[in-house]
Amino acid sequence: MSSRLFGVRLSTCARRVPRLTRAFGSYKSAPAVLSELGLRHGDVNPGVYSTSGWFGSGKEVESVNPSTGEVLAKIATAFMLREEQASKQDRLKVLGEAKEAYRYWRSVPAPKRGNVLAKIKTALEEKKEALGALVSLEMGKIYSEGKGEVQEFIDICDYGVGLSRSMEGRHLPSERPGHVMLEVPNPLGLCGVITAFNFPVAVYGWNLSLSLVCGNSTLWAPAPSTPLCAMATQRIIADVFEKEGVPGAVSALLSGGKETGAWMTEEKDIPLLSFTGSERTGLEVGAKVTGRAGKTILELGSLTDLTVDQAAIVLADANLAQAVPTILFSALGTTSQRCTTTRRLLLQRSISQDFLSSLLKGYSSLVPSRLGDPLHPNTLVGPLHSRSGMKVFDDALKTCEEQGGRIVFPEPAAQSFELKEGGLRNGNWVTPRVVKWEGSAKDYGKDWIVNKEVFGPLLHVIEFDTLEEAIEINNSVEQGLSSSLFTK
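From a predicted model like this one, the values you see are computed outputs, not experimental measurements.

**Describing the overall build of the chain**
Item 1. Looking only at helices and strands, one finds 13 helices and 19 strands in the chain.
Item 2. Residue burial in the chain is summarised as follows: out of 488 residues, 54% are buried.
Item 3. Total accessible area on the chain stands at roughly 21,300 Å², and carbon and sulfur atoms take up 51% of it.

**Description of the layout of surface pockets**
Item 1. The calculated volume of the largest pocket comes to roughly 1,500 Å³.
Item 2. Forming the boundary of the largest pocket are 48 residues, of which A196, F197, G277, S278 and T281 lie nearest the centre.
Item 3. Breaking the lining of the largest pocket down by element, the ones donating at least two residues are α6 (202–213), α8 (258–266), β12 (272–277), α9 (279–291), β13 (295–300) and α12 (387–402).
Item 4. Class assignment of the residues belonging to the lining of the largest pocket gives a composition of 19 nonpolar, 20 polar and nine charged.

**Re unusual backbone geometry**
Item 1. Cis geometry marks the peptide bond from V367 to P368, where omega comes out at 0°.
Item 2. Locating P368 in the fold gives a position in the loop between α11 (349–366) and α12.
Item 3. Positioned with a positive phi, T334 is a non-glycine residue whose angle comes to about 55°.
Item 4. Relative accessible area serves as the criterion here: at 2%, T334 is assigned to the buried category.
Item 5. Even without being a glycine, S336 presents a positive backbone phi close to 65°.
Item 6. On the secondary structure map, S336 appears in the loop between α10 (320–332) and β15 (342–348).

**A few points about helix α3 (residues 110–126)**
Item 1. Look at α3: 25 Å from first C-alpha to last across 17 residues, which is about the 24 Å you get at 1.5 Å a residue.
Item 2. All of the buried residues in α3 are A110, R113, G114, V116, L117, I120, K121, A123, L124 and E126.

**Digging into the pattern of salt bridges**
Item 1. On inspection of all chains with the given rule, the structure shows 18 salt bridges.
Item 2. Measuring nitrogen to oxygen at the nearest pair gives 3.0 Å for the salt bridge that ties R170 to E183. Of the two residues, R170 sits in strand β7 (residues 170–173) while E183 sits in strand β8 (residues 180–187), which places them 13 residues apart along the sequence.
Item 3. Across the pair D465 and R349 runs a salt bridge, and its minimum N-O distance is 2.9 Å. Linking D465 in the loop between β18 (458–464) and α13 (467–474) with R349 in helix α11, this pair joins segments that are 116 residues apart in sequence.
Item 4. Residue classification places D465 among the partly exposed positions, given a relative accessible area of 44%.
Item 5. You can call R349 partly exposed: its relative accessible area is 39%.
Item 6. Three or more residues joined by partner-sharing salt bridges are found here, namely R349, R406, K436, E438, E463 and D465.

**Quick notes on the sheet that holds strand β11 (residues 251–254)**
Item 1. Pairing in this open sheet of seven strands is mixed, and the strands run β4-β3-β11-β10-β9-β12-β13 from one edge to the other. Since the sheet does not close on itself, it has two edges, and those belong to β4 (53–55) and β13, each with one partner. Neighbour-to-neighbour, the strand axes of the sheet open up by a mean angle of 20°, direction not taken into account.
Item 2. Alignment of strand β10 (residues 217–221) against β11, held across three bridges, turns out to be parallel. Following the sheet pairing, L219 is matched in β11 by A252.
Item 3. Along the sheet face, α6 touches β9 (190–194), β10, β11, β12 and β13 and points at about 165° away from the line of β10.
Item 4. Taken strand by strand, α9 contacts β12 and β13, and its axis lies near 175° from that of β13.

**Re the packing of α3 against α6**
Item 1. At a minimum axis distance of 8 Å, the contact between α3 and α6 shows a crossing angle of 150°. As judged from the angle between their axes, α3 and α6 are roughly antiparallel. In this structure, α3 uses A110, R113, G114, L117 and I120 to contact α6, whose residues at the interface are S209, L212 and V213.
Item 2. A breakdown of the residues in the contact of α3 with α6 according to their chemical character gives five nonpolar, two polar and one charged.

**Remarks on the environment of H41**
Item 1. Assignment of secondary structure puts H41 in the loop between α1 (30–36) and β2 (44–46).
Item 2. Sequence separation between H41 and V71 is 30 residues; the distance between their C-alpha atoms is 8.6 Å.
Item 3. Excluding its chain neighbours within four sequence positions, the residues that come into contact with H41 are A30, P31, L34, E70, V71 and L72.
Item 4. Of note is the side chain of H41, whose polar atom sits 2.6 Å from the side chain of E70.

**A look at the environment of V435**
Item 1. In this structure, V435 sits in strand β17 (residues 433–437).
Item 2. Setting aside residues up to four positions removed in sequence, V435 forms contacts with C400, G405, R406, I407, L458, L459, H460 and V461.

Parameters at a glance
- Residues numbered from 1 in each chain as written.
- Predicted model: local features only at pLDDT ≥ 70, side-chain atom pairs only at ≥ 80, totals over all residues.
- Heavy atoms only, no water.
- Helix = DSSP H or I, 4+ residues; strand = E, 2+ residues; numbered from the N terminus.
- Buried < 20%, exposed > 50% of the residue type's maximum accessible area, 1.4 Å probe, protein only.
- Areas by Shrake-Rupley, 256 points an atom, 1.4 Å probe, with all protein chains shown as cover.
- 1 Å grid on protein atoms, 1.4 Å probe; cavity = no way out; pocket = protein on both sides within 12 Å on 5 of 7 lines; lining within 4 Å.
- Points joined across faces, edges and corners; volume = space filled by probe spheres on them.
- Nonpolar A, V, L, I, M, F, W, Y, C, P; charged D, E, K, R; others polar.
- Expected span 1.5 Å × (residues − 1).
- Salt bridge = Lys/Arg side-chain N within 4 Å of Asp/Glu carboxyl O.
- Pairing = 2+ DSSP bridges.
- Axes fitted to C-alpha atoms, helices over the stretch in contact; angles between N-to-C directions.
- Contact = heavy atoms within 4.5 Å.
- Parallel < 35°, antiparallel > 145°, perpendicular 65-115°, else oblique.
- Polar contact = N/O pair within 3.5 Å; in protein donor to acceptor, adjacent residues only side chain to side chain.

Any functional reading would require information that these geometric values do not contain.
Now the structure itself:
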C-alpha cells in the first residue's frame, strides 16, 4: 500500500503493563481480557468515538464469541433500523469533528506526526497480549495469530514513522525564465476505512499508519461482527492522542452494520475510501465512490460469480518434508478464512499417493485433537467466524459430492464430532475436509465448486502429469491472490 494513495500530488509555487502469559488462554476469562482493554463484558459499550469522546445513540448490536456462542458484550452504534434524528446526529457529529481534526492535523509537520505514530506503536506493544487475546475471542483465530495480527500493526507503524521523514516531492524545470515548478505531496482530507472480520486489527493499522503520517484524518467502520477489536484498538490510539494533545477525530470510529459502510460510500466529504471485503461489494463501493469523484483503495477477496482459488503445485522433485507442513498450515491457518488460503492442491501424479498419505497424516494429527478453544496453547485450528460461514461450508460439501468429489479426510466414521469441553458445543465448529478429484482438470468449469472460494477448511486435490498442465490448471480461474510451486 503506497503513501501516494493517501496524498495527491499537486504542482504548486509510560508505563509498561505486566506481560500476560500463556495462561491468558483457557485460564483467563473473557471478562478479564475485556477489562484489560477498557471494555465491559456483558454490558453495553459505546461504539462511536470522536473528539467528543465515546458515545452512541443508535441500535445495540451483540458481539458473539464464535467458539462458544457467548455474547461478549453489546455495542451502542450510530445507526438505527429506521432513520432517527438522534443516530443521524451522531454521524454528523463524527463527520464534522473528523473534518475539523483534519484541518488541525494537516498543519502538523510530518516528522511530528511520525512521533505520534511511534507512541501508538509503543502503546500497542504494551497491549499486544491482551489485544491478541481479544482477536481470538471475537474473531476466532488462534492466540498466536491474534498476537501476530497486532504485530502487523506494530510493524507498519515503523514503516509510517520512516515515511514521515522521507516523503518528498520533485523539482521540475519550467519553460518560463526565472521560474521552477515544485511538486509536493498534500493530504487528501478525511479518509474512510471499512475493514473485514478476518483481520479486525491489522487492516486498519495498515491504513491508519500511512493516512496519519500523510496528514489526513481517518474514519473507521469495522466489520459488524468484530466491533470490540476495533473499540479496543481505538482506545489504545485515543489514549495516545489525549496525552499528545491530538484531537480524537484524527482517528474516529463508527461501529454499526452494513448501513455504516453504505453511508460512508455515499458521503462526499470522504474523498478517499479504503474497503476490504468481497469482490461483489467492492465493485459496488468502487462504482459509487467513483461516481461522486472520490478515490478508492480496494482489497478484495472473491465470494462472487468469478472463479477463484489459490493453488499450490507440488512437483515430483519437491522436498516433501518441507512441502507437507507448509501446505498444512497454508490450508488450515485461520481456519481457512484468509484470501490467500491454499484451496487447491495440485500434485504430480507420480508422487500424488505418497504425498497425499503424508498430508492426511498431518491432518489426522491436528483434527480433532488440536481443534478447539483458540486461546488454549494446544489449539492450532479454531472455529469458523459465523453461523452463515458454517452454512456456506456445509453447502460446499454437498456440492462436492454432487459433482463427483471424493472425501479422503476424514474417514466417513469420523466426519462429525462434538466439542464438549469448556462450553464449546455452541460454537461454530466444522470438521476440515480434503476432497480428491479424478479425471482431467479441464472438465471442471466455472460452476464447479473446485474453482470457487469457500471461506472454510476445504482443500481440493487434483493430479497432473506435466508442469505445463499444472500451470494451466493454476491459471484456469479468473482471479487469484496467491500461488506456490514446490520443486528443487
